[in-house]
Amino acid sequence: MGVSFSTFTYKHIDFRAPSPNRAPLPLSGLPENVFRFYIDTPSGKIEILYAKPSSDNASSTPKSPIFFAHGGMGCAAYWLEYMTYLSAKGIPCYAVSYRGHGNSWYPSFLRMVYGTTKRMLADDLLAGLRFAQEKENGSEVVLVGHSSGGGLSQFVLSQGDVRVKALVLAAAVPGFGSTGVYLNWFKLDPWFSFRMIFHGWHPNSPLSHPKLVRAVFFSDEQTDEYIEEFHKLGSPYESFWWPLGMGYKFVDPLRVLKSVSGWGTGASRQDRVLILAGGGDKIMTHGEMDKLAGFYRRAWRGLAEAKKIDMGISSEAEAVVAIPGEGGLDTSGQGVRHVIVPGAGHHLQNDVQWEIGARKLLEFYEQL
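About the thresholds
For every chain, the first residue of the written sequence is number 1, and numbering continues from 1 onward in sequence order. Local features in this predicted model are restricted to residues of pLDDT 70 or higher, and side-chain atom pairs are both shown and tallied only at a pLDDT of 80 or more, whereas totals for entire chains, interfaces and linings draw on every residue. Heavy atoms throughout the structure, all of them, feed into the side-chain values; hydrogens and water do not. Exposure above 30% relative accessible area and no salt bridge define the residues that can form patches, which grow by joining like charges within 9 Å and nonpolar side chains of Val, Leu, Ile, Met, Phe, Trp and Tyr within 5 Å. Computed with the Shrake-Rupley method and a 1.4 Å probe, the accessible areas treat only the protein chains shown as cover for residues. A carboxyl oxygen of Asp or Glu within 4 Å of a side-chain nitrogen of Lys or Arg is what we treat as a salt bridge. Each helix corresponds to a stretch of at least 4 residues labelled H or I by DSSP, and each strand to a stretch of at least 2 residues labelled E; elements are numbered beginning at the N terminus. Pairing between strands requires that DSSP locate at least two bridges from one strand to the other. Any pair of residues with heavy atoms lying within 4.5 Å of one another is described as a contacting pair. Interaxial angle, 0 to 180 degrees, is taken between N-to-C directions of lines fitted to C-alpha atoms, where a helix line uses only the stretch in contact. When an angle is under 35 degrees it counts as roughly parallel; over 145 it counts as roughly antiparallel; between 65 and 115 it counts as roughly perpendicular; any other value is oblique. Should the near helix be turned anticlockwise from the far one by less than a right angle, the crossing is termed left-handed; should it be turned clockwise, right-handed. Side-chain classes follow a simple rule in which Ala, Val, Leu, Ile, Met, Phe, Trp, Tyr, Cys and Pro form the nonpolar group, Asp, Glu, Lys and Arg form the charged group, and the remainder, Gly included, forms the polar group. Residue burial is assigned from relative accessible area. The probe radius is 1.4 Å, only protein chains are included, and a residue is buried under 20% of its type maximum, exposed over 50%, and partly exposed in between.

Caption draft 1: Here's a closer look at a nonpolar patch on the surface. Where nonpolar side chains cluster on the molecular surface, the patch consists of Leu-110, Tyr-114, Trp-241 and Leu-244 and spans about 470 Å² of accessible area. Put simply, the parts of the chain that give the nonpolar patch at least two residues each are α2 (109-115) and α9 (241-244). Mapping Leu-244 onto the fold places it in helix α9.

In structure tokens, the structure reads:
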């Protein structure tokens, strides 16, 4: 990333919570089939976006809901492209904004940055999951987590807090730890540390300018106008304890897989975990996501061999094979599907190639 001293500015640095909370108008406004709910938690109100499935693709058998969990400095509205696409296919979709994000309640700067833990944010995720399950008559969700939200998704499953029908890790923080991810970020932005000092160790410093957001999160094809609107939706500050709590291995992959239901109930070759990666992701690189796929494939083999879960097929017979897909790098096997969105940056659900990823997610959903 080229040096740009224009990123050394306080223009986009906030130390105060929105007062009142920001106007609830993500991007160009909510699509007509998307509705906003607020759910009460012991700490405050949490925002949920719900995309009503299209009646044109209605099924006599209710479809499993998809639930989206955003990453650091994100919000529920970052999932609108996927929610719109998938709800048009007849699938009910939900997305949550944790405390301090989107249109949920905002802790003070000090309380959010230094007093909000990974566990607290996980509780907000769980509150959203329970809301969706109740609205869908107890149906287990397909849980989709992006970046640090993918880390939270793995965490709640590892803790046994919830069971899901399937798990999708979209450019997610690896359950074995994010040290490699941040090393990639430091290499990408050699001014990372200097800018953090300049900004008084504000947690948003690494993404404090649209130029930085583009460099870290997007491909060159995305427009400046989109990135500026995207940046405006980001949280004004972030918890330090959230990423710090994921620096090293923070989940047990065996426990994660045990919290996924339905193994062995579908086709002989069935994947219940999807690793969805951006081909142009500069921080959650192909190498990191390939290691994440291996992390869960090894766990699958261990469970299959120990017969801890009915996988529906012997581990010896379940080879990892190439499957059709844009980019020619997609694989399936040992319970895990690993697919690439060619050219997409870290925010693959918002980059110009987003529809390729949404389509690959739909293909995974349909084989469950």
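Caption draft 2: Region of interest: the sheet that holds strand β9 (residues 331-333). In spatial order, the strands read β1-β2-β4-β3-β5-β6-β7-β10-β9-β8; together these 10 strands make up an open sheet with mixed pairing. Every other strand in the sheet has two partners, leaving β1 (34-40) and β8 (321-322) as the edge strands with one partner each. Sheet strands touched by helix α11 (residues 286-306): β6 (166-170), β7 (273-278), β9 and β10 (336-341). Its angle to β10, the strand with the most contacts, is close to 165°.

Caption draft 3: The arrangement of the packing of helix α1 (residues 80-87) against helix α12 (residues 354-366) in detail. Contact geometry for α1 and α12: axes closest at 10 Å, N-to-C directions at 50°. As far as their axial angle goes, α12 and α1 are oblique. In the packing of α1 onto α12, the handedness of the crossing is right-handed. Each of Glu-81, Tyr-82, Tyr-85 and Leu-86 in α1 lies in contact with α12, whose residues at this interface are Trp-354, Glu-355, Gly-357, Ala-358, Arg-359, Leu-361 and Leu-362. Considering only residue class, the contact of α1 with α12 consists of 7 nonpolar, 1 polar and 3 charged.

Caption draft 4: A look at unusual backbone geometry. Positive phi, close to 45°, is recorded for Ala-171, a residue that is not glycine. Position of Ala-171 among the secondary structure elements: in the loop between β6 and α5 (179-188). According to the relative accessible area criterion, Ala-171 is buried, its value standing at 0%. A positive phi is found at Trp-201, a non-glycine position, where the angle reads about 60°. Along the chain, Trp-201 turns up in the loop between α6 (192-198) and α7 (210-217).

Caption draft 5: Quick peek at the pattern of salt bridges. Overall, the coordinates contain 12 salt bridges when judged by the stated rule. Between Glu-326 and Arg-359 there is a salt bridge, and its shortest N-O distance comes to 2.3 Å. One end of the pair, Glu-326, is in the loop between β8 and β9; the other, Arg-359, is in helix α12, with 33 residues separating them in the sequence. On the basis of relative accessible area, Glu-326 is assigned to the partly exposed category, the value being 29%. Overlapping salt bridges, with partners in common, bring together Arg-119, Asp-123 and Asp-161 in one network.

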